[in-house]
Structures are given as C-alpha cells and as structure tokens.
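Topology and contacts: notes
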Amino acid sequence: MKGHPVKTLLAAVSVASLTLFNAAHAAGEHDMNHGAAMNQGAQMHAAGAQAMLSEGTVKKVDKAGGKITISHGPLENLGMPPMTMAFRAGDPAMLDKVKPGDRIRFLADRVDGMFVVTRLDAAN
Ligand SMILES: [Cu+2]
C-alpha cells in the first residue's frame with residue numbers, strides 16, 4: 001500500500017478546490033463565464049470579500065413589503081450600470097438598520113428573476 005496516503009492527500013486537495021469554486025459560484029457569478037468567475041475568486045482571495053460589495057445610497061425602506069430602494073453604483077457581479085431601483089431584502093432584519101439617506105455597501109444577486117440584497121453594511 002505504498003503511495004496510498006499521497007493519493008488520499010491529493011483527493012482531499014481537489015475536493016477543497018472544488019468547494020472553493022462552488023462557493024464563488026453561489027456568491028453570484030453564475031451568469032458569468034467560468035474564466036471570469038475564477039478570476040473573481042482569485043481576487044476575493046487576495047482582497048477579501050469586501051472587493052465584491054457595491055456602493056449605494058438608501059432612497060426608500062419598505063419594511064411591510066420587504067423592499068429597499070437603492071441608488072447604486074455599478075454592480076459588477078450582475079453587469080448592471082449605476083441606477084436607482086428597488087431590491088427585495090434577503091433578510092427583513094436588514095431593513096431595521098438603515099434609513100433613507102444612508103450610504104451603504106451591499107451585495108445583490110438575482111434570485112428567481114428578482115434582484116435581492118444578500119448583504120447590507122452601513123458605509124462610513
Ligand atoms: Cu440596478
């Protein structure tokens with residue numbers, strides 16, 4: 001059984017790489033080609049998850065409807081130019097920590113044809 005431990009190690013390493021790649025996909029690059037997704041994964045590794053956040057200003061908070069209107073800069077992961085639009089809140093609790101006029105950093109993704117804010121942080 002010489003060499004068996006090495007094989008096991010190699011298998012573990014490929015599983016780890018696959019898991020990282022799938023995590024990048026789940027984060028919102030599913031519409032991009034694989035090369036771009038892999039580049040973005042490499043950038044995330046270098047600069048941290050902050051690199052993926054987009055900037056915006058809260059225009060309106062609709063807690064009853066679970067929506068937030070944001071005047072946003074370019075959303076690189078969605079290929080969207082700057083505009084003002086409504087997003088669905090991925091988590092209703094997000095809407096408790098912001099108000100119109102707040103500068104935010106956020107992450108949006110397309111889920112079932114709707115744009116959803118999956119992460120929301122106050123910007124200073
Ligand atoms: Cu938009």
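Quick caveat, the model's predicted, so the values are computed rather than measured.

**Quick look at the packing of aromatic side chains**
Under the counting rule described, the total for this entry stands at one aromatic pair. Here the aromatic rings of Phe87 and Phe106 are separated by 5.5 Å at their centres, their planes lie at 70 degrees, and the arrangement is edge-to-face. Separated by 19 residues along the polypeptide, Phe87 in strand S3 (residues 83-89) and Phe106 in strand S4 (residues 103-111) bring together distant segments of the chain. The class for Phe87 is buried, based on a relative accessible area of 0%.

**Overview of unusual backbone geometry**
Despite not being glycine, Asp112 has its phi angle at roughly 50 degrees, a positive value. Tracing the backbone shows Asp112 in the loop between S4 and strand S5 (114-122).

**Regarding the coordination of the copper ion**
Bound to the copper ion are the protein donor atoms His72 (NE2), Met80 (SD), Met83 (SD) and Met85 (SD), situated 2.0 to 2.6 Å from the metal. Considering all four donor atoms around the copper ion, angles at the metal cover 103 to 120 degrees and the coordination shape is tetrahedral. For the copper ion, the single-chain donor residues occur in sequence as H-x7-M-x2-M-x1-M. Here the residue His72 occupies a position in strand S2 (residues 67-72), and Met83 occupies one in strand S3, the gap between them amounting to eleven residues. Among the residues examined, His72 registers a relative accessible area of 4% and is labelled buried.

**A short note on the pattern of salt bridges**
A full pass over the atoms with the stated rule returns five salt bridges. Lys99 is the partner of Asp102 in a salt bridge, and the nearest nitrogen-oxygen pair spans 3.0 Å. Residues joined by salt bridges that share partners form a network here, namely Glu55, Arg103 and Arg105.

Conventions used here
- Residues numbered from 1 in each chain as written.
- Predicted model: local features only at pLDDT ≥ 70, side-chain atom pairs only at ≥ 80, totals over all residues.
- Heavy atoms only, no water.
- Phe/Tyr/Trp six-rings, centres within 6.5 Å; stacked < 30°, edge-to-face > 60°.
- Helix = DSSP H or I, 4+ residues; strand = E, 2+ residues; numbered from the N terminus.
- Buried < 20%, exposed > 50% of the residue type's maximum accessible area, 1.4 Å probe, protein only.
- Donors = N, O, S within 2.8 Å, 3.2 Å for Na, K, Ca; no water.
- Tetrahedral: all angles 85-135°; square planar, octahedral: opposite > 155°, others 65-115°.
- Salt bridge = Lys/Arg side-chain N within 4 Å of Asp/Glu carboxyl O.

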